[in-house]
Amino acid sequence: MTQIESDQKNLIGLTRSSLSQTLLELGVPERKLKMRVDQLWNWVYVRGCRDFWAMSNLAKDFRDLLDKNSVLRVPECRIRKISMDGTRKYLFRGDGGHEFETVFIPEEGRGTLCVSSQVGCTLNCTFCHTGTQAWVRNLTVSEIVGQIMAVRDDLNEWPTVGSTYTSEQRLISNVVLMGMGEPLYNFDNVRDAMKIVMDGDGLSISRRRITLSTAGVVPGIKRAGEEIGCRLAISFHATTDEIRDKIVPINRKWNIATLLEALRNYPRLNNSDRITFEYVMLKDLNDSEEDARRLVSLIRNIPAKVNLIPFNSWPGAQFERSTPEKISNFARIIYNSGYPSPVRTPRGEDILAACGQLKSETSRLRRKRISVN
Ligand code: SAH
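This text gives an overview of the structure that appears in the document.

**Overview of helix 3 (residues 33-46)**
Here helix 3 contains 14 residues, and its C-alpha end-to-end distance of 19 Å stays within 8% of the 20 Å for a straight helix at 1.5 Å per residue. Of all 14 residues making up helix 3, 10 are buried, and the element is well covered by its neighbours. Along helix 3, the residues that are buried comprise Leu33, Arg36, Val37, Gln39, Leu40, Trp41, Trp43, Val44, Tyr45 and Val46. Contacts made by the buried residues of helix 3 are with helix 2 (16-26), helix 4 (60-69), helix 5 (141-155) and helix 6 (187-198).

**Remarks on the packing of helix 2 against helix 3**
At their nearest, the axes of helix 2 and helix 3 sit 10 Å apart, and the two run at 120 degrees to each other. For the pair helix 2 and helix 3, the sense of crossing is right-handed. Here Arg16, Leu19, Ser20, Leu23 and Leu24 of helix 2 come into contact with helix 3, specifically with Leu33, Arg36, Val37, Asp38, Leu40 and Trp41. Of the residues that constitute the contact of helix 2 with helix 3, the class distribution is 7 nonpolar, 1 polar and 3 charged.

**As for the site of the ligand**
Neighbouring residues of the ligand: 18 residues in total, closest Ser213, Ser235, His237, Glu278 and Asn312. At 2.8 Å from a nitrogen atom of the ligand is found a main-chain nitrogen or oxygen belonging to Asn312. For the ligand, the accessible surface in isolation is 540 Å², of which the surrounding protein chains cover 93%. Contributing elements (two or more residues each) for the shell around the ligand: strand 10 (210-214) and strand 12 (275-281). Counted by class, the shell around the ligand contains 9 nonpolar, 7 polar and 2 charged residues.

**Some words on the pattern of salt bridges**
Under the definition given, this model contains 30 salt bridges. Taking the shortest distance from any N to any O, the salt bridge between Asp64 and Lys68 comes out at 2.9 Å. Residue Asp64 and its partner Lys68 are located together in helix 4, separated by 4 residues, close to a single helical turn. For Asp64, a relative accessible area of 29% translates into the label partly exposed. By relative accessible area, Lys68 is classed as exposed at 57%. Among the ionic pairs, Arg191 bridges to Glu227, the shortest N-O distance being 2.6 Å. Highlighted residues: Arg191 in helix 6 and Glu227 in helix 7 (residues 218-228), separated in sequence by 36 residues.

**Considering the side chain of Ser173**
Inspection of the secondary structure assignment puts Ser173 in the loop between helix 5 and strand 9 (174-177). Polar contacts involving the side chain of Ser173 include one to the side chain of Asn174, which spans 2.8 Å.

Definitions and cut-offs
- Residues numbered from 1 in each chain as written.
- Predicted model: local features only at pLDDT ≥ 70, side-chain atom pairs only at ≥ 80, totals over all residues.
- Heavy atoms only, no water.
- Helix = DSSP H or I, 4+ residues; strand = E, 2+ residues; numbered from the N terminus.
- Expected span 1.5 Å × (residues − 1).
- Buried < 20%, exposed > 50% of the residue type's maximum accessible area, 1.4 Å probe, protein only.
- Contact = heavy atoms within 4.5 Å.
- Axes fitted to C-alpha atoms, helices over the stretch in contact; angles between N-to-C directions.
- Left-handed = near helix turned anticlockwise from the far one by under 90°.
- Nonpolar A, V, L, I, M, F, W, Y, C, P; charged D, E, K, R; others polar.
- Near = heavy atom within 4 Å.
- Polar contact = N/O pair within 3.5 Å; in protein donor to acceptor, adjacent residues only side chain to side chain.
- Areas by Shrake-Rupley, 256 points an atom, 1.4 Å probe, with all protein chains shown as cover.
- Salt bridge = Lys/Arg side-chain N within 4 Å of Asp/Glu carboxyl O.

As structure tokens, this is what we get:
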């Protein structure tokens, strides 16, 4: 990074009030602040414009001021892989050269962007590939919002001037915080990023189309309900503390009973805002009929759906995917007890779409290259 760049403030990721404060410090008169923030916000988040000189309705001296003192920077795309099934996986490079992944999953009638919240993860869930990587740092607000903006660039889905479109017509219609990292351990940045994503005059993705996935950081769950208001997914994965302690070690801190108590108290919990229980199907570990019945009794009275995820294997993993028969049997028991129980179709297997795999693959290649040279 050059000296000039490091002196320039990245405006992407600032909340409306910090953008306003930044403009004030740059010398924008107070009476013009709201108008300037609204104008910039529209160019950046509605139009996807990153060139101050193209912002035609801004006064020339204001554009000059912005250009000298600030930048509009999203993470740099280092690698993009496109699967046969249309899934796109990106490896982005953020500030300081740290890398993280984002996955776009097109589906019938919608498109979901799976966003990372940290580089590495501190949780060490034993079946998760990110858990094998070193913990590095939290992503900044601008890196979190920037993932959505950079993928919109790639999909070429910023509207042209004068056009409008509804969220149903968008390629990226939904956002899930299910990439690398534990979003509730980066609470403030995730919250501020989602505020920008939900802003009706900006990226404008509604809170109902945003799902935050957590392994069960209990104190953060209540805050997420109150301060973000998005949907919640819980990486549940086991029906006894004994097994959950092993595969989702955060369970030793907040066990199943404590977690379920927090979920029962989640604000806005109702039938149209159900909690998703994610359940990775691991052969002979958590996939018995008894587990299915226990799961149903644990979540009784919680408006929920159970997402069954066939284990996505990675080199060196100690687990195997449950058989299709086991998975469908498990799904049937849950469904017959009144809960939707879709089985997630593995996507992008040809491009290593399992969480954290692309990053590991490139680090491996890089090491190889270094040792060859
Ligand atoms: N830390 C958060 C979000 C990241 S993980 C959480 O734990 O929810 C997103 C989801 O992918 C979680 O449900 C996680 O358990 C699941 N997952 C991780 N590795 C997986 C794998 N190899 N196969 C299937 N699902 C996996």
